[in-house]
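# Inside the fold
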Amino acid sequence: MEAYKVWEQDTGLVEALHPSVEKHDTKNNEREAHEQAIAASAQDPTALLAAWHAYVQYEEKQIGRSNSDTATILQRTPSVHASRERERVRCTFERAVNQCCLYPAIWQSYLTWEVEGGELSRALVVYQRAVRNCPFSAELWVAYALFTEETADFSHAGGDQEEAKVDKVYLDAAGHVGYYSAQTLRQVSLSRCDYLRRRFLRHVPAKNAAIAAPFVEKEREALRQEFDELAAVLSAKEDPGGARAVQLYRAELEALVFRMVPRAVQVWEQALKTCSDDAEAWLSVVDILRAIREVGHARALLKRGANVLQLVSKEQPKGVSAASMVAYMARWVEFERREGDVDTYKVALAKYTSLAHLVPAASAGAVGGGKMRDKSRANKGSGDSEDPAKAA
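Residues numbered from 1 in each chain as written. Predicted model: local features only at pLDDT ≥ 70, side-chain atom pairs only at ≥ 80, totals over all residues. Heavy atoms only, no water.

## Some remarks on the overall build of the protein chain
In terms of helices and strands, the protein chain carries 19 helices and two strands. For the protein chain, restricting intrachain contacts to residue pairs at least 6 apart in sequence, the fraction spanning at least 24 positions comes to 57%. On the protein chain, roughly 21000 Å² of surface is accessible, and the fraction owed to carbon and sulfur atoms is 54%. (Helix = DSSP H or I, 4+ residues; strand = E, 2+ residues; numbered from the N terminus. Contact = heavy atoms within 4.5 Å. Areas by Shrake-Rupley, 256 points an atom, 1.4 Å probe, with all protein chains shown as cover.)

Here it is as structure tokens:
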């Protein structure tokens, strides 16, 4: 008590503390405003999430503004003070996820903050809580799997155990999101395809991915089997588009990574059988075939795709719109300008012209300028018009 009386009588010291007291009063008033905004938004989920995000952002800003003077007043070392300030933000996040536990966005913000702060052990616990509260969120499951992979150490003897941890996250994810929708399962499955590709390249360097060594073929077969299983699961969930996406992914690996074009073509052929209304799928295959200089096969697929899509557009106009057909034919013309001769160019141009008048808005500017090579590759034809019919 005597010490306090001495301190109270030191008017200079008391006056020096007035600015700090006023600053903290201002902060308390600002926090009270955020508390009131949260209370007022209790019945409006969108407003409630926005209020919590604003409150968290406010507390994060206070960390940068809190200086060494504050630490001195509170008799803390700078490191302890910084840690305590982070705890205030963490406390705000905890209150937010407690009230909004079924909203993935708030969990994702919390996770991003923990990871950026280097609190990986805390982030792992938050990830586990997040997917437990929001098992329907493909985004959270994928983020959890990526975090598990990113923080794993695959370089030591226990690499197999680390891979098993990542595999378990993906399997748990598929088991949970599959109950909610095929689309969420597709998202998790395609993310797992990314992981399987990275895992293969950890086991087999890219420069060796195409060699015929037994151990490399064993790894290739393991990857193929897992891709086939993912496609089968998506088919069983009545998601042919998802199954096709997995098959197309595998075919791309066969062509670009394994350098096994015949196998890739075989997978593509199988996938495109169920691709009667997806112009982009046909074009994606054509682009890869062109990239690996399988131009003849690319041209054959363009023709087949055009026939299939035209048939569907006549029978099911909602399945393939006229605008989609015009865009597809425009891509065919562009292909022949760069890869074809006079005859193949004219065939593509005729197909385009027969449809372009149906959708003027879609055809305008659909095909840019370019050069087309004839059979002798000697004569060059100019194609600078926006409309390929005029370019001819």
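## Considerations on the environment of glutamate 85
Of note, glutamate 85 is situated in helix H5 (residues 78-99). Taking relative accessible area as the criterion, glutamate 85 reaches 10% and is therefore assigned buried. (Buried < 20%, exposed > 50% of the residue type's maximum accessible area, 1.4 Å probe, protein only.)

## A look at the layout of surface pockets
A volume near 280 Å³ is recorded for the largest pocket. Forming the boundary of the largest pocket are 15 residues, of which Leu124, Gln128, Tyr144, Thr148 and Lys165 lie nearest the centre. Counting residues per element, the ones that place at least two in the lining of the largest pocket are helix H7 (120-133), helix H8 (138-150) and helix H9 (159-177). Here the residues of the lining of the largest pocket sort into seven nonpolar, four polar and four charged. For the second largest pocket, the calculated volume is near 220 Å³. The set of elements that each furnish at least two residues to the lining of the second largest pocket consists of H9, helix H10 (182-203) and helix H11 (214-236). (1 Å grid on protein atoms, 1.4 Å probe; cavity = no way out; pocket = protein on both sides within 12 Å on 5 of 7 lines; lining within 4 Å. Points joined across faces, edges and corners; volume = space filled by probe spheres on them. Nonpolar A, V, L, I, M, F, W, Y, C, P; charged D, E, K, R; others polar.)

## Concerning helix H13 (residues 261-272)
Compared with the 16 Å implied by 1.5 Å per residue over 12 residues, the 16 Å span of H13 between its first and last C-alpha is a close match. When we look at burial in H13, the residues that qualify are Val261, Ala264, Val265, Val267, Trp268, Ala271 and Leu272. Each buried residue of H13 lies within a common arc of 165° when the element is viewed along its axis, so the set occupies one face. Across H13 from its buried face, at more than 90 degrees, point the exposed residues Pro262 and Gln266. (Expected span 1.5 Å × (residues − 1). Arc of directions from axis to C-beta.)

## With respect to the side chain of glutamate 254
Within the secondary structure, glutamate 254 sits in helix H12 (residues 240-256). Its relative accessible area of 0% is what places glutamate 254 among the buried residues. Sequence-distant contacts of glutamate 254, defined by excluding residues within four places in its chain, comprise Arg224, Arg259, Met260, Val261, Arg263 and Ala264.

## With respect to unusual backbone geometry
With phi around 60°, glutamate 238 is a residue other than glycine that occupies positive phi space. By the element assignment, glutamate 238 lies in the loop between H11 and H12. We classify glutamate 238 as exposed; its relative accessible area is 71%.

## Examining the packing of helix H6 (residues 104-116) against H8
Remark: H6 packs on H8, axes separated minimally by 10 Å, with the N-to-C direction vectors making an angle of 20°. Our classification of the angle between H6 and H8 gives roughly parallel. Along this stretch, H6 crosses H8, giving a crossing that reads as left-handed. Across the interface between the two elements, Pro104, Trp107, Gln108, Leu111 and Val115 of H6 pack against Glu139, Leu140, Ala143 and Phe147 of H8. For the contact of H6 with H8, the per-class residue count stands at seven nonpolar, one polar and one charged. (Axes fitted to C-alpha atoms, helices over the stretch in contact; angles between N-to-C directions. Parallel < 35°, antiparallel > 145°, perpendicular 65-115°, else oblique. Left-handed = near helix turned anticlockwise from the far one by under 90°.)

## Here we look at the packing of aromatic side chains
Taken as a whole and judged by the stated rule, the model has 10 aromatic pairs. With 6.1 Å between their ring centres and 15° between their planes, tryptophan 52 and tyrosine 55 make a pair best called stacked. One end of the pair is tryptophan 52 and the other is tyrosine 55, both in helix H3 (residues 45-65) and three residues apart, which spans about a single turn. With relative accessibility at 1%, the residue tryptophan 52 sits in the buried group. Under the relative-accessibility criterion, tyrosine 55 is labelled buried at 5%. (Phe/Tyr/Trp six-rings, centres within 6.5 Å; stacked < 30°, edge-to-face > 60°.)

## A word on the pattern of salt bridges
Close approach of charged atoms allows side chains of opposite charge to pair. Evaluated as defined, the whole model comprises 33 salt bridges. For arginine 122, the salt bridge identified is with glutamate 119, shortest N-O distance 3.6 Å. On the basis of relative accessible area, arginine 122 is assigned to the partly exposed category, the value being 36%. Note that arginine 224 and glutamate 217 form a salt bridge whose closest N and O atoms lie 2.9 Å from each other. (Salt bridge = Lys/Arg side-chain N within 4 Å of Asp/Glu carboxyl O.)

## Some words on the nonpolar core
Counting 57 residues, the largest nonpolar core has Trp52, Ile106, Trp107 and Phe227 as its most contacted members. Per-element accounting of this core gives the leading share, eight residues, to H8. Residues within four places of phenylalanine 227 in sequence aside, it is in contact with Cys193, Leu196, Val246, Tyr249, Arg250 and Leu253. Formed by 40 residues, the second largest nonpolar core is a distinct cluster that contains Leu248, Ala251, Ala298 and Ala348. (Core = buried A, V, L, I, M, F, W, Y, C linked by side-chain atoms within 4.5 Å.)

## Here's the deal with the confidence of the model for the protein chain
The predicted model of the protein chain has a mean per-residue pLDDT of 82, with 78% of residues at 70 or higher. Low pLDDT, under 50, characterises residues 71-75; the stretch is placed with five contacts to residues that sit more than four places away or in other chains. The model gives residues 369-392 a pLDDT under 50, and that stretch makes 63 contacts with residues more than four places away or in other chains. (pLDDT = per-residue confidence, 0-100.)

## Re H10
With 22 residues, H10 extends 31 Å from end C-alpha to end C-alpha; this agrees with the ideal 32 Å at 1.5 Å per step. Those residues of H10 not exposed but buried are Thr184, Leu185, Val188, Ser189, Ser191, Arg192, Cys193, Tyr195, Leu196, Arg199 and Phe200. Packed against the buried residues of H10 are H8, H9, H11 and H12.

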